[in-house]
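Analysis of the macromolecular model
These are the residues of each chain, in order.
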Amino acid sequence: VAGSNRTGAGGNDVQWCFSQVKGAIDDDVAEADIISTVEFNHSGELLATGDKGGRVVIFQQETENKCQPLSRSEYNVYSTFQSHEPEFDYLKSLEIEEKINKIRWLPQKNAAQFLLSTNDKTIKLWKISERDKRPEGYNLKEEDGRYRDSTTITTLRVPVFRPMDLMVEASPRRIFANAHTYHINSISVNSDNETYLSADDLRINLWHLEITDRSFNIVDIKPANMEDLTEVITAAEFHPHQCNTFVYSSSKGTIRLCDMRASALCDRHSKLFEEPEDPSNRSFFSEIISSISDVKFSHSGRYMMTRDYLSVKIWDLNMENRPVETYQVHEYLRSKLCSLYENDCIFDKFECCWNGNDSVVMTGSYNNFFRMLDRSQRRDVTLEASRESSKPRQVLKPRRVCAGGKRKKDEISVDSLDFNKKILHTAWHPQENIIAVATTNNLYIFQEKVN
Amino acid sequence: MSEDVEGVQTGEEVAEEPKEPETKMISMEKAEEAKLKAKYPNLGSKPGGSDFLRKRLQKGKYFDSGDYNMAKATKNKQLPVASVEKTEITGDHIPTPQDLPQRKPSLVASKLAV
C-alpha cells in the first residue's frame, strides 16, 4: 500500500505542518469552550472533542482525494450535540458538572457510529447516523405534514424515497447512571465489544453496553474509614486484545494490572508496576508529581505508557519493577515546583498517546508546547500550537526552553512560559501521521509534511 | 537498568547520564520544598495524604440547592439588575414583563463547530 512505510515514524524524518485550527480566536475564553477531551475513532475518519459545556463536536475527514495518498485531507464538522447538562445532586448538595471527561468510540459495526461520553457521574452511549433520503409523495399527507382533505383524494399515490441533503443525527441510545459515588475519570471499551469499564476515584465498574440498570463493581479501594484514605484511582484502561485484562493507575504512581478471570472482585492485582524510590530522596512534592494522570496501552498490547507530572514512562507488561523507558517532558519545571504548587498547576492532568505503530509517543506541556518522543530513534522534539505558526502547510519549528544560564537565540526561558496555556489533551490518528492537539479552547490539526 | 532521556535538547542524539542528574534533581526538589515550607509553615507533612484527597473528593459541594442556584446565577450574571432609578422605593414599582430578567439563552453551540 503506497505510503505505508511512512506511517508512524516521528523522528527526524517527519516534519510536522500546520493543517487546521478550530475554535474562536479571541482571548476571552468562556469556560464552556474549554476542551476537555479529544479522540479519533478506530479508522481515524472521525475526530471527536468534548468540552466543559457538555458539548461534543465531531469532525470528519474528507474523502475526496483518498486515492491520492499525497493529498491533504481536512477535517470538517460532521455533527455536534449537547451530550450532558449540569445537574445538582439534592441529596448530597453536590454540583454535577456537565464537563465531558472522556469520549471513547466503539468499533464500527454498521452504517452508524457509536461513542460513549461521560461526565463525572453519567455515561451515555450516542448513536450518530446519517440520513440522506426521505420519503416523499404520501398519499394522505401534504409535503409539510398536514393531512389532506380526504374528500379531495381521488387517486392512490405511493411514496418513494428521494435523495435529500445529508443530515447527521445524534441520539442517546443508552444512559448509564447512578453507579458512581465519586468522579468518573476514565471509560474504556473492552475488546469483546460488549462490555466497558468506568472508573472513578475509588471504584471501577464493568458494564454491558446493552444493559443500563446494572453494573458490576470490579475494583473497590475505598477504605473502611475515610480518614485512612491515601490513594485514589487516576485512570483505567482495558487491554487492547485480552478481554480479561485491564490496568488502573493511582495517585501514588503505581499501576495495577488485573485479570477478571482470577476473581469477581479484582481488588488483588495480578501485577503491580512500581518504580522503586530511595526514601531518603523523597520531598514534599515526590508523591504529588508521581501521581499518574494517564495510562495507555500500546497498540501491540505489549507495553503501556504512563504520564506523571514531569515524565512519560514506558512499561513492559512483563516487567513490574521498573519502566523500560523514561522520558523527561519538562524537567526544567523541577526547580519551579514551589510556585507550581501555589498556582495549582502541579495538579494538572496531562494525557499521552501512541502513534499507530507504537514508535512515537506524544504528550502536552505548558506554553502550548507539546512533545514528540521517538522511541525507536531516541530523539525528541518540542513543538508549539500557536496562531503565529498557522499558515497553511507551515512547517513547525522545534522549540527550546532554556532552563537556566545564558539564553540562546530562539530559546524561551522557563520564567517566560505561560502556565495558563496548557496542552492536556492530544490524539494521534490510528494509521496516519495526523495529530489533534487541544489548547485551552482551540483544536489544532497537524499533518506530516508531504513533498 | 532503565534509561533516562533528557528532554531539553531537540533533534540530536542525546548522551545518557545515568546517576549524576538524579542527585541534582533531588536537591532541586528539596530546595523547592524548603521554599514552600518557609511560605506556609503550617503545611502538613503528608501532602498526598487524606487532607488533599478528601478535598478533591468534596469537589462541587454546596450548602444546599439554593446556594448552588445562587452561585450559578452569579456566574451567568443572570441576577435581576437593580432598577436604574436609584430613588425608587421597594414596593412602589409594579414589575412589567420588560423589567423581568431575561431567560437564560438557549444552549449555545460550540465555537469549534463554526
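Residues numbered from 1 in each chain as written. Chains lettered and ligands numbered in written order. Predicted model: local features only at pLDDT ≥ 70, side-chain atom pairs only at ≥ 80, totals over all residues. Heavy atoms only, no water.

The name recorded for chain B in an unreviewed UniProt entry is cAMP-regulated phosphoprotein 19, from Denticeps clupeoides. Of chain B, the UniProt comment under Sequence similarities (unreviewed entry) reads exactly: "Belongs to the endosulfine family." One UniProt comment on chain B, placed under Function (unreviewed entry), says "Protein phosphatase inhibitor that specifically inhibits protein phosphatase 2A (PP2A) during mitosis." (UniProt positions renumbered as here; feature names shortened; annotations may be inferred.)

Going by an unreviewed UniProt entry, chain A carries the name Serine/threonine-protein phosphatase 2A 55 kDa regulatory subunit B and comes from Denticeps clupeoides. Its UniProt record gives chain A a comment under Sequence similarities (unreviewed entry), which states: "Belongs to the phosphatase 2A regulatory subunit B family." Recorded under Subunit (unreviewed entry), the UniProt text for chain A is reproduced unchanged: "PP2A consists of a common heterodimeric core enzyme, composed of a 36 kDa catalytic subunit (subunit C) and a 65 kDa constant regulatory subunit (PR65 or subunit A), that associates with a variety of regulatory subunits."

Residue and element names in this part refer to chain A. Structurally, the position occupied by Thr 363 is in strand S25 (residues 360-364). Spatially, the C-alpha atom of Thr 363 lies 8.4 Å from that of Leu 373, the residues being 10 residues apart in sequence. Those residues in contact with Thr 363 that lie beyond four places of it in its chain are Arg 307, Val 312, Val 329, Phe 350, Glu 351, Cys 352, Phe 370 and Arg 371. A distance of 2.7 Å separates a polar atom in the side chain of Thr 363 from a polar atom in the side chain of Arg 307. Engagement of the side chain of Thr 363 in a polar contact is seen with the backbone oxygen of Glu 351, the distance being 2.7 Å. (Helix = DSSP H or I, 4+ residues; strand = E, 2+ residues; numbered from the N terminus. Contact = heavy atoms within 4.5 Å. Polar contact = N/O pair within 3.5 Å; in protein donor to acceptor, adjacent residues only side chain to side chain.)

On to empty space enclosed by the protein, then. Residue and element names in this part refer to chain A. Applying the stated criterion across every chain, the model contains four cavities of 30 Å³ or more. If you add up the space inside the largest cavity, you get close to 70 Å³. Forming the boundary of the largest cavity are Lys 102, Arg 104, Ser 186, Ile 187, Ala 235, Ala 236, Glu 237, Asp 294, Val 295 and Lys 296. Mapped onto the lining of the largest cavity, the elements with two or more residues apiece are strand S8 (102-105), strand S12 (186-189), strand S16 (233-238) and strand S20 (294-297). The residue makeup of the lining of the largest cavity, split by class, is four nonpolar, one polar and five charged. (1 Å grid on protein atoms, 1.4 Å probe; cavity = no way out; pocket = protein on both sides within 12 Å on 5 of 7 lines; lining within 4 Å. Points joined across faces, edges and corners; volume = space filled by probe spheres on them. Nonpolar A, V, L, I, M, F, W, Y, C, P; charged D, E, K, R; others polar.)

Moving on to the interface of chain A and chain B. Where interface size is quoted, it is often the accessible area lost as the parts come together. With 81 residues of chain A at the interface, the matching set in chain B holds 53 residues. When chain A packs against chain B, close to 5600 Å² is buried across both sides, 55% of that on carbon and sulfur atoms. Together, Phe 284, Arg 334 and Arg 378 of chain A form the three largest contributors to the area buried by chain A at its contact with chain B, with a combined 12%. Joining chain A to chain B, the criterion identifies three salt bridges. Between Lys 111 of chain B and Asp 33 of chain A there is a salt bridge, and its shortest N-O distance comes to 2.9 Å. Counting every contact that joins chain A to chain B gives 16 residue pairs in polar contact (both at pLDDT 80 or more). (Buried area = accessible area lost by both parts, 1.4 Å probe. Salt bridge = Lys/Arg side-chain N within 4 Å of Asp/Glu carboxyl O.)

Turning our eyes to something else, we now look at the packing of aromatic side chains. Think of a pair of aromatic rings as described by two things: how far the centres are apart, and how the planes are tilted against each other in angle. Here the structure, examined in full by the defined rule, presents 24 aromatic pairs over all chains. Judged by centre distance (6.3 Å) and plane angle (65°), the ring pair of Phe 285 of chain A and Tyr 341 of chain A falls under edge-to-face. Here Phe 285 of chain A, found in the loop between strand S19 (271-273) and helix H1 (286-290), pairs with Tyr 341 of chain A, found in helix H2 (residues 337-342); they are 56 residues apart in sequence, far enough to count as distant. Seen from their ring centres, Tyr 62 of chain B and Tyr 68 of chain B are 5.5 Å apart, and the 70° between their planes marks the pair as edge-to-face. When its relative accessible area of 22% is taken as the criterion, Tyr 62 of chain B is described as partly exposed. What makes Tyr 68 of chain B buried here is its relative accessible area of 4%. Put simply, the rings of Phe 18, Phe 370, Tyr 444 and Phe 446 of chain A pair up and form one aromatic cluster. For the cation-ring pair, Lys 141 of chain A lies above Tyr 138 of chain A, with the distance from its terminal atom to the ring centre recorded as 4.8 Å. When the ring centre of Tyr 303 of chain A is taken as reference, the NZ or CZ atom of Arg 375 of chain A above it lies at 4.8 Å. (Phe/Tyr/Trp six-rings, centres within 6.5 Å; stacked < 30°, edge-to-face > 60°. Buried < 20%, exposed > 50% of the residue type's maximum accessible area, 1.4 Å probe, protein only. Lys NZ or Arg CZ within 6 Å of the ring centre and 35° of its normal.)

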